[in-house]
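The primary structure of each chain is shown beneath.
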Amino acid sequence: MVARETTQKKPHVAVLASPGMGHVTPLLELAKRLVVDHGFQVTFLAISTDAPPAQIQLLNSSTLPPDLHVIHLPHVDVSNLLTASTGVSVRIVLVVRRTLSYLPSVLTNMQPPIQSLIVDPFCGEALEFAAAFSIPTYLFMTTSASFTALTMYFPTLHAQVDGDYSKIAEKVLVPGCNPLLLDDLIPGVLMPEVLPLCNRIPLVKGVFINTWEELEPVTLGAIRKNPFFLGLPAPPVYPIGPLSKGNEDEPLTSTMESKKMLTWLDKQPPDSVVYVSFGSGGTLSGEQMSELAWGLELSQTRFVWVARPPSEVSASGSFFEAGYDAEGAASYLPDGFLDRTRERGLVISSWAPQVAVLSHGSVAGFVTHCGWNSVLESIAQGVGMIAWPLYAEQSMNARMLVDMGVAVWPKPDGERAVVGRGEVERVVRSVMEGEQGKAMRQKVIELQGTALKALGLGGSSNASLAGLAEEWRAGGSP
């Protein structure tokens, strides 16, 4: 840790995050690292419109370090731009675009003036505002290196097929990288709406990626050395992960319910519980939720389930309500389920302290939507996964985890696109009881060790961030 300096002498950096726990969490962790480990002053610019309750609690936490200051940007109204079919990504873009109209005045009044601005992918339009103030901007990719490489390659791919992705064969071959299955990319990843982000990458000074060398060595090697990427006007990449919450950082939206959960876990045998959660935004259909419940019951496995109300419209139906204490789970689970599983299961309907749950000695499996933050938290705690991707790039993540040997992916029944109760029972038993589960735990514990090493003194991620921090401290930029 660097020696303390007066605030006036500390390098000042601003971080801008779009709404949503998946975006705010890793950028806030980066901000804390810059403050605590490198002696920076950081201003965190939070978009308050559509911010879920859990995000508000996280940003108002009393545990934030003194030199990390949060500014909540003014609320904006985008209701006149929304329709019943407006997806999460488009809604975020609209909110960010209107909110950024306040950015020039914020930058003007910021003291001392900021040396750099770090933005997430949805805030790319901030580059134009920062350029007017001659502020260098860095992009923080909240997803994997694999997604980052695809983003850099996407304009070329888009041009090759004239925007008609049906012309692509079964796989997308990003130069130098592992093949990506087309079915994992459509819908949710290969979209014309992604092109503005892709086209802004050459304009930033550098790209932070929430990953580490040992997790994605092939992809990171390709970005640095493959002739295709070397031929792009691309900035340097900085793998600085895994950046994920610590136990003390988690918002307890329902403190009573969270304490109840951890007390319940304390009473369970080691490695006996499977944790089920679909992230801050994921929702299942009513039919799928029923089949999952029956499968958990049939497996006879202990479980903790963060069960939010089903949605027949969207797999990201609770994205803007993370932490909301929904109606009682009994109203949307099979009749009698809670009573029949009372002795070996616990269902909660609000936010869970996920890192605390995954780090608990009784938890040995994680049914996850494969959002990148959840993936990193599971690996960091050495917990194998049952991959249940729902939207965005989550199928990409799921495929990578399966290929790594740290996850299994249940298969839906035929054309129904619903994972049946028998399949749920099978994968839960295989992860919690079978040889596959043992091999998976061994592999994920190996990755856990590489993560700890990457973040430690002299580790690859530690050195990556420290090197850039020193350049900022010296008053320059790469």
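The rules behind each value
- Residues numbered from 1 in each chain as written.
- Predicted model: local features only at pLDDT ≥ 70, side-chain atom pairs only at ≥ 80, totals over all residues.
- Heavy atoms only, no water.
- UniProt positions renumbered as here; feature names shortened; annotations may be inferred.
- Pairing = 2+ DSSP bridges.
- Helix = DSSP H or I, 4+ residues; strand = E, 2+ residues; numbered from the N terminus.
- Buried < 20%, exposed > 50% of the residue type's maximum accessible area, 1.4 Å probe, protein only.
- Arc of directions from axis to C-beta.
- Contact = heavy atoms within 4.5 Å.
- Salt bridge = Lys/Arg side-chain N within 4 Å of Asp/Glu carboxyl O.
- Expected span 1.5 Å × (residues − 1).
- Polar contact = N/O pair within 3.5 Å; in protein donor to acceptor, adjacent residues only side chain to side chain.
- Core = buried A, V, L, I, M, F, W, Y, C linked by side-chain atoms within 4.5 Å.
- Axes fitted to C-alpha atoms, helices over the stretch in contact; angles between N-to-C directions.
- Phe/Tyr/Trp six-rings, centres within 6.5 Å; stacked < 30°, edge-to-face > 60°.

- An unreviewed UniProt entry lists the protein chain under the name UDP-glycosyltransferase 72E1, with Prunus yedoensis var. nudiflora given as the organism.
- If you open the UniProt record of the protein chain and go to Sequence similarities (unreviewed entry), you find "Belongs to the UDP-glycosyltransferase family."

1. Here we look at the sheet that holds strand 13 (residues 363-368)
Alright, step 1. Spatially, six strands are ordered 12-11-10-13-14-15 in an open sheet, and the strand pairing comes out parallel. Both edges of this open sheet fall to strand 12 (345-348) and strand 15 (407-408), since each of them pairs with a single strand only.
Alright, step 2. Bridging between strand 14 (residues 384-387) and strand 15 involves two bridges; their strand directions are parallel. Within the sheet, the bridge partner assigned to Met385 lies in strand 15 and is Ala407.

2. Let's talk about helix 8 (residues 217-225)
Alright, step 1. For helix 8, the complete set of buried residues consists of Thr219, Leu220, Ala222 and Ile223. Seen along its axis, helix 8 keeps its buried residues to an arc of 155 degrees; they face one direction.
Alright, step 2. As for helix 8, its buried residues are in contact with helix 6 (145-160), strand 8 (206-209), helix 9 (227-230) and strand 9 (237-239).

3. Examining the pattern of salt bridges
Alright, step 1. Tallied over the full model, the rule gives 16 salt bridges.
Alright, step 2. A salt bridge links Glu128 to Arg200; the shortest N-O distance between them is 3.6 Å. Placement of the pair is Glu128 in helix 5 (residues 126-132) and Arg200 in helix 7 (residues 195-200), with a sequence separation of 72 residues.
Alright, step 3. Residue Arg200 is classed as buried on the basis of its relative accessible area, which comes to 19%.

4. Digging into the environment of Gln442
Alright, step 1. Note on placement: Gln442 falls in helix 17 (residues 435-455).
Alright, step 2. C-alpha separation for the pair Gln442 and Cys198, spaced 244 residues apart in sequence, amounts to 37 Å.

5. Re helix 1 (residues 21-36)
Alright, step 1. The end-to-end C-alpha distance of helix 1 is 22 Å, a good match for the 22 Å that 16 residues give at a rise of 1.5 Å each.
Alright, step 2. Burial analysis of helix 1 places 13 of its 16 residues in the buried class, the great majority of the element.

6. Let's talk about the side chain of Arg308
Alright, step 1. Note on placement: Arg308 falls in the loop between strand 11 (302-306) and helix 12 (337-340).
Alright, step 2. At a separation of 2.6 Å, a polar atom in the side chain of Arg308 contacts the main-chain carbonyl oxygen of Gly279.

7. Structural notes on the nonpolar core
Alright, step 1. Of all hydrophobic cores here, the largest spans 60 residues; its most connected members are Leu16, Leu117, Leu150, Val172, Val174 and Leu190.
Alright, step 2. No other element matches the eight residues that helix 6 contributes to this core.
Alright, step 3. When sequence neighbours within four positions are dropped, the list of residues in contact with Leu150 reads Val172, Val174, Leu180, Leu185, Val189, Leu190 and Met396.
Alright, step 4. By size, the runner-up hydrophobic cluster in this structure holds 35 residues, among which are Leu358, Trp372, Val375 and Leu376.

8. Examining the sheet that holds strand 8
Strands pair in a sheet through their backbones, by hydrogen bonds, and they do so in one of two ways: parallel or antiparallel.
Alright, step 1. Taken together, the seven strands give an open sheet; going across it, the order is 3-2-1-4-5-8-9, and neighbouring strands pair in parallel fashion. Of all strands in the sheet, those bounded by a partner on one side alone are strand 3 (68-73) and strand 9. Pairs of neighbouring strands in the sheet enclose a mean axial angle of 25 degrees, with direction left out of account.
Alright, step 2. Bridge count between strand 4 (residues 116-119) and strand 5 (residues 137-141): three bridges; the pairing is parallel. Bridge pairing in strand 5 links Val119 to Leu139.
Alright, step 3. Sheet strands in contact with helix 18 (residues 460-473) are strand 1 (12-17), strand 4, strand 5, strand 8 and strand 9, and its direction is about 130 degrees off that of strand 9.

9. Things to note about the packing of aromatic side chains
Alright, step 1. Taken as a whole and judged by the stated rule, the model has 13 aromatic pairs.
Alright, step 2. Relative to Phe208, the ring of Tyr138 lies with its centre 5.9 Å away and its plane at 35 degrees, an arrangement referred to as tilted. Pair noted here: Tyr138 is in strand 5 and Phe208 is in strand 8, with a separation of 70 residues, a long-range link. Both residues of the pair, Tyr138 and Phe208, count as buried.
Alright, step 3. Seen in terms of ring centroids, Tyr275 and Phe366 are 5.1 Å apart; in terms of plane orientation they differ by 25 degrees. Their pairing is stacked. Taken together, the residues span a long stretch of sequence, with Tyr275 in strand 10 (residues 273-277) and Phe366 in strand 13 at a distance of 91 residues.
Alright, step 4. Residue class for Phe366 comes out buried when judged on its relative accessible area of 0%.
Alright, step 5. Here a set of aromatic residues connected by ring pairs shows up, and it is made of Phe40, Tyr138, Phe140, Phe208, Tyr238 and Trp472.

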